[in-house]
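# Structural description and commentary
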Amino acid sequence: MNDTTQDEGPDAGSQGRPTTAVVVGGGLAGTTAALALADAGIRVTLLEGRPRLGGLAFSFQRDGLTVDNGQHVYLRCCTAYRWFLDRVEGAALAPLQDRLDVPVLDAEAPAGRRLGRIGRTALPVPLHLARSLATYPHLSLAERAKVGRAALALKGLDLADPALDAQSFGSWLAAHGQSERTIEALWDLVGVATLNAVAGDSSLGLAAMVFKTGLLSDPGAADIGWARVPLGELHDRLARKALDSAGVRTEVRTRVTSISQHENGRWSVQVPGETLDADTVVLAVPQREAHDLLPAGALDAPERLLEIGTAPILNIHVVYDRKVLSRPFFAALGSPVQWVFDRTEASGLKEGQYLALSQSAAQDEIDTPVAALRERYLPELERLLPHTRDAEVRDFFVTRERTATFAPTPGVGRLRPGARTKAPGLYLAGAWTATGWPATMESAVRSGVSAADAALTALGRPRDHLFELFEEAA
Ligand SMILES: Cc1cc2nc3c(=O)[nH]c(=O)nc-3n(C[C@H](O)[C@H](O)[C@H](O)COP(=O)(O)OP(=O)(O)OC[C@H]3O[C@@H](n4cnc5c(N)ncnc54)[C@H](O)[C@@H]3O)c2cc1C
């Protein structure tokens, strides 16, 4: 450590040396933080332990197919993730539906009533869902009327009330007249996919946030978007291109082993064979890794990070020799199958059809052997999709993400720290930090923006208009 560095204040750039930042973790949170800091004129190095960017949302090659580790969707109300897509010039590759339309197939319904839809009209909220609810065949008339009343009660909840986090969504739904069937056929159909937990295991605060923002804010808020290309194309290749053009030095296969602060306030980031010095560090790694890397005193109660649970997602991939599904996706009821997506084009499959089954809150099956999953799920697909009965299965494999998301259990809100730590110049990002959102791509991007915002404010740098964009949308 020399005298010159000791004398430098936080915005060293004003003293002739460029202000520098190291971002640790190249998932969506870290990539976002790196882009936002670089856009504000900071010299940024992004360090990622794995051989690629994208974190939990990535692609890999298998027998000539490009496979996503798990099907990902987002909603029109995900303004931060949409900003990210624009920023990496990938928005056209992951378009939104013109209008929310989710086909819901009930494997157990009598013939003729098997297909229902959750959709919207252009009417103002909450009337935009009224027609869909009125004609939803998977609930009785009385159940549908009660859904309407519960939705209005949900709309009235104050998301800023901390008491919501301590309560379970399931108990709130039961107290508002929702039958087990209604929870299964409607609330969990949406909630399990977005929260990665059934209503009984979810915080009311997080569930209310999802339903209020997605279904009860703006008529188009829940229109669904998904990548028509492999996730790696967006989160790795295009992200890398955007980072390069922004002047970010990106190093993959570079695992950070420790972070420490000098007496002069600057930071040292240790990777095998190199020490990087920086004015600012953004730690955008999962909560357990963040706990292990945080220097002493950076958080009041760092052990709380270890109390944040995790929840698994299983994806089941089936390649048929012919087309068996004519829609881009559907959700299922009366079957262990949850959501099914056609990934044929995105994967590069030339013949036949490739379906990905996205199974959230998969605690019971995350370790089930492939053969047992095959025995269970192929007959289920035959029940739901008659054309599969004559089709040959060319490939069947699974991807297991044991720590896909943080568990949105009641009480999790008080465990999630914000972007600022007690150590000046050190910030946290990650879908698990206190964004108000469940563990989603939206939460990850928001957290990256918050961390960059906090860092730039401390450095006395002008904040980019992008931060206001989110504030308006929030
Ligand atoms: C199967 C699956 C399905 C999902 N479906 C959806 C969906 O439909 N919609 C949705 O919005 N979200 C979905 N999610 C959640 C979403 O993918 C995550 O919330 C988001 O990608 C998390 O991003 P992140 O940057 O916060 O964390 P991560 O993606 O975990 O990134 C952290 C990065 O830090 C790196 N790292 C860790 N330690 C170090 C170290 N010491 N040094 C350097 N690098 C390190 C890791 O390798 C990783 O790349 C899904 C997740 C999974 C797994």
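Residues numbered from 1 in each chain as written. Predicted model: local features only at pLDDT ≥ 70, side-chain atom pairs only at ≥ 80, totals over all residues. Heavy atoms only, no water.

The subject of this paragraph is the site of the ligand. Residues in contact with the ligand amount to 32 residues; listed here are only the nearest, Glu 48, Leu 56, His 72, Ala 431 and Met 441. Here a nitrogen atom of the ligand and a backbone polar atom of Val 73 are 2.8 Å apart. At 3.3 Å from an oxygen atom of the ligand is found a main-chain nitrogen or oxygen belonging to Thr 440. Notes on the ligand: free accessible area 1,000 Å², of which the protein chains cover 94%. Looking at the shell around the ligand, the elements that each hand over two or more residues are α2 (28–39), α11 (287–293), β18 (393–406) and α15 (441–458). Grouping the constituent residues of the shell around the ligand by class yields 17 nonpolar, 10 polar and 5 charged. The two domains that each donate at least three residues to the shell around the ligand are domain 1 (4–56 + 230–308 + 417–473) and domain 2 (59–78 + 89–95 + 309–406). (Near = heavy atom within 4 Å. Polar contact = N/O pair within 3.5 Å; in protein donor to acceptor, adjacent residues only side chain to side chain. Areas by Shrake-Rupley, 256 points an atom, 1.4 Å probe, with all protein chains shown as cover. Helix = DSSP H or I, 4+ residues; strand = E, 2+ residues; numbered from the N terminus. Nonpolar A, V, L, I, M, F, W, Y, C, P; charged D, E, K, R; others polar. Domains from an automatic or database assignment.)

Right, let's talk about the side chain of Glu 442 for a bit. Relative to the elements of secondary structure, Glu 442 occurs in helix α15. Given the relative accessible area of 1%, Glu 442 is considered buried. At a separation of 3.1 Å, a polar atom in the side chain of Glu 442 contacts the main-chain amide nitrogen of Ala 80. What Glu 442 contacts, discounting residues up to four positions off in sequence, is Cys 77, Cys 78, Thr 79, Ala 80, Tyr 81 and Trp 437. (Buried < 20%, exposed > 50% of the residue type's maximum accessible area, 1.4 Å probe, protein only. Contact = heavy atoms within 4.5 Å.)

A few words on the pattern of salt bridges. Using the criterion set out here, one finds 20 salt bridges in the structure. A salt bridge links Glu 392 to Arg 394; its shortest N-O distance comes to 3.8 Å. The network of salt bridges with common partners includes Arg 17, Arg 266 and Asp 279. (Salt bridge = Lys/Arg side-chain N within 4 Å of Asp/Glu carboxyl O.)

Moving on: the domain arrangement of the chain. Interface size is commonly expressed as the accessible area that is lost once the parts come together. Taken domain by domain, the chain comprises domain 1 (4–56 + 230–308 + 417–473), domain 2 (59–78 + 89–95 + 309–406) and domain 3 (124–221). With centres defined by C-alpha atoms, the gap from domain 1 to domain 2 works out at 33 Å. Between domain 1 and domain 2, the contact holds 17 residues from the first and 23 residues from the second. For the pair domain 1 and domain 2, the two sides together bury roughly 1,500 Å², of which 66% comes from carbon and sulfur. By the criterion of area lost to domain 2, the three top residues of domain 1 are Leu 56, Pro 230 and Leu 231, representing 37% of everything that side buries. In this structure, the connection of domain 1 to domain 2 is made through 0 salt bridges. (Buried area = accessible area lost by both parts, 1.4 Å probe.)

With that out of the way, let us pick up the state of the cysteines. Going through the model one piece at a time under the given rule, you end up with 0 disulfides. Left without a disulfide partner, Cys 77 is nearest to the cysteine sulfur of Cys 78, which lies 4.6 Å away. Given a relative accessible area of 13%, Cys 77 falls into the buried group. In this structure Cys 78 comes out as buried when scored by relative accessible area, which is 7%. (Disulfide = S-S within 2.5 Å.)

So, on to the pairing of strand β10 (residues 258–261). Pairing of β10 with strand β11 (residues 267–271) involves 4 bridges; the strand directions are antiparallel. The residue of β11 that forms the bridge with Ile 259 is Val 269. The hairpin turn running from β10 into β11, its antiparallel successor, is 5 residues long, and Gly 265 in that turn takes a positive phi close to 95°. (Pairing = 2+ DSSP bridges.)

Turning next to the nonpolar core. Counting 123 residues, the largest nonpolar core has Leu 37, Tyr 81 and Phe 169 as its most contacted members. Ranked by the residues each element gives to this core, the list is headed by α15, at 9 residues. Not counting residues within four places of it along the chain, the set of residues in contact with Tyr 81 comprises Leu 28, Tyr 74, Leu 234, His 235, Met 441, Glu 442 and Val 445. By size, the runner-up hydrophobic cluster in this structure holds 25 residues, among which are Leu 105, Leu 355, Ile 366 and Leu 378. (Core = buried A, V, L, I, M, F, W, Y, C linked by side-chain atoms within 4.5 Å.)

All right, on to the sheet that holds strand β13 (residues 280–283) then. An order of β9-β2-β1-β13-β19 is seen for the 5 strands of this open sheet, with the pairing classed as parallel. Both edges of this open sheet fall to β9 (249–251) and β19 (426–428), since each of them pairs with a single strand only. Taking the axes of each pair of neighbouring strands and ignoring which way they run, one obtains an average angle of 15° across the sheet. Pairing analysis gives 4 bridges linking strand β1 (residues 20–24) to β13, with the strands arranged parallel. By the bridge assignment, Val 22 is partnered in β13 with Val 281. (Axes fitted to C-alpha atoms, helices over the stretch in contact; angles between N-to-C directions.)

A few words on the packing of α2 against α15. At a minimum axis distance of 7 Å, the contact between α2 and α15 shows a crossing angle of 35°. Seen from above, α2 lies across α15 with right-handed handedness. Contacts from Leu 28, Ala 29, Thr 32, Ala 33, Ala 36 and Leu 37 in α2 reach Met 441, Ala 444, Val 445, Ser 447, Gly 448, Val 449, Ala 452, Ala 455 and Leu 456 in α15. Grouping the amino acids of the contact of α2 with α15 by side-chain chemistry returns 12 nonpolar, 3 polar and no charged. (Left-handed = near helix turned anticlockwise from the far one by under 90°.)

Before going further, it helps to spend a moment on helix α10 (residues 231–245). Over its 15 residues, α10 runs 20 Å from end to end, which matches the ideal 21 Å to within 8%, given 1.5 Å per residue. Largest kink in α10: about 30°, centred on Ala 239. Remark: Gly 247 follows α10 within two positions and exhibits a positive phi of approximately 85°. (Expected span 1.5 Å × (residues − 1). Bend = angle between axes of the 7 residues up to and from the residue.)

Once that is clear, we can look at unusual backbone geometry. Looking along the chain, the bond that leaves Val 125 and enters Pro 126 is cis, with omega of 0°. Phi angles above zero are rare outside glycine, and Asp 63 is one such case at about 45°. In this structure, Asp 63 sits in the loop between β3 (59–62) and β4 (65–68).

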